[in-house]
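Chain by chain, the residues:
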Protein chains: 2
Amino acid sequence: MNVPVIVPPGVAFLNGHFTAENIITKTTRSGDLVGVFQDDAAWRALPADTPIYQVEMLQSPQGEGELFVGTTHLNPGRVGDEFYMTRGHFHQRREQGEVYFGLRGSGLLLLQSEQGEARLEQVSPGSVHIIPGNTAHRLINTGSEVLSALAVWPTIAGHDYASLAQGFKQRVFLREGKIQAKEVQNG
Amino acid sequence: MNVPVIVPPGVAFLNGHFTAENIITKTTRSGDLVGVFQDDAAWRALPADTPIYQVEMLQSPQGEGELFVGTTHLNPGRVGDEFYMTRGHFHQRREQGEVYFGLRGSGLLLLQSEQGEARLEQVSPGSVHIIPGNTAHRLINTGSEVLSALAVWPTIAGHDYASLAQGFKQRVFLREGKIQAKEVQNG
């Protein structure tokens, strides 16, 4: 080419890892997930520095209308018989949606409306999850390898964890060798 | 599973085709692209029903904060010595950004600010293009196969073609066997 051409960041669709100059990463460890798992004794038995998931993000301009791109890598494992999962959140700007693309591994996306109605979507390589506004979302790894999901969301969305302090209305366990979901009272 | 699990839409990352019950598709043909290519005689010589690109989209809830997911499939070819390209647009809601993921083929993403500054990003499988707000965008297929790019954008963004009636500030040609970009006066 006779004019400069920008080489943009890249993503490996097989595992969701980015190539870029400045990648933002944040690891969430067992000790960060106070009150998230049902079996408190099993959670206390796990070393607090056990990595549960990592979010890898590209730099974005921030502001009204701008979009973030990131991948969540959720490790396989269980706390007691409950599968590893992300904390999950509503967006602070409630009406803001998000899109997830399943890339690697297998799991579930737990969605919950503000009225407390919960539903589960199957996450697998190539799955597309259009998360509407006003909907809390949590990833759950029901498989034996890392669950990686690529996401796009508005930079102004923000996170609201407080509204879910009582937990989601569904929990997912491995019981009798089977993946089982259970409705619970306020988590 | 002992509770219902939703099987969401899927996308084949190799070619950007979706699996879902209701896919929205729109084909843009040569005859729709009045005034887009520089070589008017070559454009007139092309049958008006020649397909140039197709957009394939998933259904989304619409409204403030909601997101669309779609793939653009841009055919290989030239009008005279200028490569096939999409019409390109600003968003009607100027501040709304968009994200493109290159999936298949090779090409360029032409970006242009409201001040008329143009730049080119290389599109290839796995390339990630975070298009900021206030930035017009056009895909150009410089390769010999279909160029497919997956996109996520706000449902409220809208399209503004009128502000680009005079064209983008860069045109991309195959000349002397080489891909060449040229700055032009008002397209």
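Note that the structure is a prediction, hence the values are computed from the model and not measured.

What counts as what
- Residues numbered from 1 in each chain as written.
- Chains lettered and ligands numbered in written order.
- Predicted model: local features only at pLDDT ≥ 70, side-chain atom pairs only at ≥ 80, totals over all residues.
- Heavy atoms only, no water.
- Contact = heavy atoms within 4.5 Å.
- Buried area = accessible area lost by both parts, 1.4 Å probe.
- Salt bridge = Lys/Arg side-chain N within 4 Å of Asp/Glu carboxyl O.
- Pairing = 2+ DSSP bridges.
- Helix = DSSP H or I, 4+ residues; strand = E, 2+ residues; numbered from the N terminus.
- Phe/Tyr/Trp six-rings, centres within 6.5 Å; stacked < 30°, edge-to-face > 60°.
- Buried < 20%, exposed > 50% of the residue type's maximum accessible area, 1.4 Å probe, protein only.
- Lys NZ or Arg CZ within 6 Å of the ring centre and 35° of its normal.
- Least-squares fit on C-alpha atoms with pLDDT ≥ 70 in both.
- UniProt positions renumbered as here; feature names shortened; annotations may be inferred.

(A) Looking closely at the interface of chain B and chain A. Taken residue by residue, the interface counts 49 residues in chain B and 49 residues in chain A. Approximately 3,800 Å² of surface area, both sides summed, lies buried where chain B meets chain A, with 69% of it carried by carbon and sulfur atoms. For the chain B face of the interface with chain A, the top three residues by lost area are Phe13, Leu67 and Ile130 of chain B, together amounting to 15%. Linking chain B to chain A there are zero salt bridges.

(B) Spatial organisation of the sheet that holds strand S1 (residues 5-6) of chain A. Strand order in the open sheet made by the four strands is S1(A)-S11(B)-S10(B)-S13(B), with mixed pairing throughout. The open sheet has two edge strands, S1 of chain A together with strand S13 (135-141) of chain B, and neither has a second partner. In this structure, strand S10 (residues 107-113) of chain B lies alongside S13 of chain B, joined through seven bridges in antiparallel fashion. When the sheet's bridge partners are listed, Gly107 of chain B is paired in S13 of chain B with Asn141 of chain B.

(C) Representation of the packing of aromatic side chains in the model. Under the definition given, this model contains six aromatic pairs over all chains. Considering the side-chain rings of Phe13 of chain A and Phe13 of chain B, the 4.8 Å spacing of their centres and the 10° angle between planes classify their relative orientation as stacked. Residue Phe13 of chain A is found in the loop between strand S2 (10-11) and strand S3 (18-19), and its partner Phe13 of chain B is found in the loop between strand S2 (10-11) and strand S3 (18-19); the two belong to separate chains. Phe13 of chain B matches Phe13 of chain A in its accessibility class, with the two residues each being buried. With 6.1 Å between their ring centres and 80° between their planes, Phe101 of chain A and Phe101 of chain B make a pair best called edge-to-face. Here the residue Phe101 of chain A occupies a position in strand S9 (residues 98-104), and Phe101 of chain B occupies one in strand S9 (residues 98-104), the pair thus bridging two chains. Look at Phe101 of chain A and you get buried, because its relative accessible area is 0%. A network of ring pairs unites the aromatic residues Phe13 and Phe101 of chain A together with Phe13 and Phe101 of chain B as a single cluster. The ring of Phe173 of chain A carries Arg175 of chain A above its face, with NZ or CZ at 3.8 Å from the centroid.

(D) Just the relation of the copies chain B and chain A, in detail. Note on the copies: chain B fits chain A at an RMSD of 0.0 Å, the axial shift is 0.0 Å, and the rotation between them is 180°. The superposition operator between the copies reduces to a two-fold rotation axis. Both copies present the same face, since 100% of the interface residues in chain B are matched by interface residues at the equivalent positions in chain A.

(E) Layout of the UniProt feature "domain: Glucose-6-phosphate isomerase prokaryote" (unreviewed entry) in chain A. When the UniProt feature table is mapped onto this chain, "domain: Glucose-6-phosphate isomerase prokaryote" (unreviewed entry) is found at residues 29-167 of chain A. The distance from the first to the last C-alpha atom of residues 29-167 of chain A is 18 Å, and the span holds 4% helix and 43% strand.

(F) The arrangement of the pairing of strand S6 (residues 67-74) of chain B in detail. Residue and element names in this part refer to chain B. Within S6, eight of the eight residues are buried, which leaves it mostly tucked inside the rest of the structure. Where burial is concerned, the two faces of S6 agree: the one with Leu67, Val69, Thr71 and His73 and the one with Phe68, Gly70, Thr72 and Leu74 are both buried. When strand S5 (residues 51-58) meets S6, the two strands line up antiparallel, connected through five bridges. Opposite Met57, over in S6, you have Gly70 as the bridge partner. Relative to strand S14 (residues 147-154), S6 runs antiparallel, the two being bridged by eight bridges.

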